[in-house]
Amino acid sequence: YYSGDKTLLYFTLGKIAGKDTAARLGKFVEKGHTVRLYRLFALANLGDAKALDQLIDILVAGTLEDKRDAAFLLGGLDVKDAVPRLEALMEKSDDPFTAVAAASALLAQGEQKAIEYLYKTMSKGVPIVADEAERALLVAKMEDLDEFLKGSLKKERNIVTKRRTEEILYRRKPKEFR
């Protein structure tokens with residue numbers, strides 16, 4: 001198997017498999033880092049608390065790329081067990097990248113607080129962290145996001161934030177509608 005095949009397999013199993021599958025998945029040992037993350041996602045989505053803890057730990061202590069991957073996977077969970085812990089990380093983390101990654105995961109879970117946090121970070125954060133918040137807002141699939149951004153655009157006084165917001169709204173619109 002290619003690692004891409006395994007990641008897709010684990011993601012799909014995490015979404016559709018039953019609890020009996022979790023016991024079998026728990027026995028696998030994966031060598032590839034990304035494949036291990038997707039395996040953890042599958043286990044966490046099937047109710048394995050230890051796998052959820054490991055994904056949260058990666059969000060806290062991983063590299064920036066690991067944090068992005070963990071945030072994506074935590075955002076895709078069908079179980080809401082991670083939401084309170086992600087909210088605490090977003091609000092109290094000393095590491096701004098961890099807070100932004102937690103907010104990204106919450107955004108994928110449909111949490112309104114995450115939109116406000118990411119927008120504030122984009123407008124007032126250190127440039128590299130603001131870029132990460134902008135990226136999260138750009139790729140988010142949340143329905144209320146465009147309305148929030150349009151409303152914020154009307155009130156925004158900071159020219160840099162205004163331009164960032166306009167760019168996000170432009171790039172979120174499908175090309176056929178531009």
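The rules we used
- Residues numbered from 1 in each chain as written.
- Predicted model: local features only at pLDDT ≥ 70, side-chain atom pairs only at ≥ 80, totals over all residues.
- Heavy atoms only, no water.
- Phe/Tyr/Trp six-rings, centres within 6.5 Å; stacked < 30°, edge-to-face > 60°.
- Salt bridge = Lys/Arg side-chain N within 4 Å of Asp/Glu carboxyl O.
- Helix = DSSP H or I, 4+ residues; strand = E, 2+ residues; numbered from the N terminus.
- Buried < 20%, exposed > 50% of the residue type's maximum accessible area, 1.4 Å probe, protein only.
- Contact = heavy atoms within 4.5 Å.
- Axes fitted to C-alpha atoms, helices over the stretch in contact; angles between N-to-C directions.
- Parallel < 35°, antiparallel > 145°, perpendicular 65-115°, else oblique.
- Left-handed = near helix turned anticlockwise from the far one by under 90°.

Caption draft 1: Inspection of the packing of aromatic side chains at higher detail. Applying the stated criterion across every chain, the model contains 4 aromatic pairs. Here the aromatic residues Phe11, Tyr38, Phe41 and Phe72 are joined through ring pairs into a cluster of three or more.

Caption draft 2: Representation of the pattern of salt bridges within the structure. Counted by the stated rule, this structure contains 15 salt bridges. Between Arg24 and Asp20 there is a salt bridge, with the nearest N and O atoms lying 3.5 Å from each other. With a gap of 4 residues between them, Arg24 and Asp20 both fall in helix α2 (residues 19–25), about one helical turn apart. By the burial criterion, Arg24 is exposed, and Asp20 matches it. The closest approach of N and O atoms between Arg164 and Asp131, which form a salt bridge, is 2.8 Å. With Arg164 in helix α11 (residues 159–172) and Asp131 in helix α9 (residues 127–139), this pair connects stretches of sequence that are 33 residues apart.

Caption draft 3: Representation of the environment of Leu59 within the structure. When you line up the elements, Leu59 lands in helix α4 (residues 49–61). Remark: the alpha-carbon pair of Leu59 and Ala99, spanning 40 residues in sequence, is separated by 9.0 Å. Residues in contact with Leu59, not counting those within four places in the same chain, are Lys67, Ala70, Ala71, Leu74, Leu86, Leu89, Thr98, Ala101 and Ala102.

Caption draft 4: Seen up close, the side chain of Thr7. Checked against the element boundaries, Thr7 lands in helix α1 (residues 3–16). Thr7 gets classed as buried once you look at its relative accessible area, which sits at 13%. The contact partners of Thr7, leaving out residues within four places of it in the chain, are Thr34, Val35 and Tyr38.

Caption draft 5: The arrangement of the packing of α9 against α11 in detail. Their axes nearest at 9 Å, the elements α9 and α11 cross at an angle of 30°. On the basis of their axis angle, the class for α9 and α11 is roughly parallel. As for the relative orientation of α9 and α11, their crossing is right-handed in sense. For the pair formed by α9 and α11, the contact residues are Pro127, Ala130, Asp131, Glu134, Leu137, Leu138 and Val139 on the first element and Arg164, Ile168, Arg171 and Arg172 on the second.

Worth remembering: the numbers are spatial, not functional.
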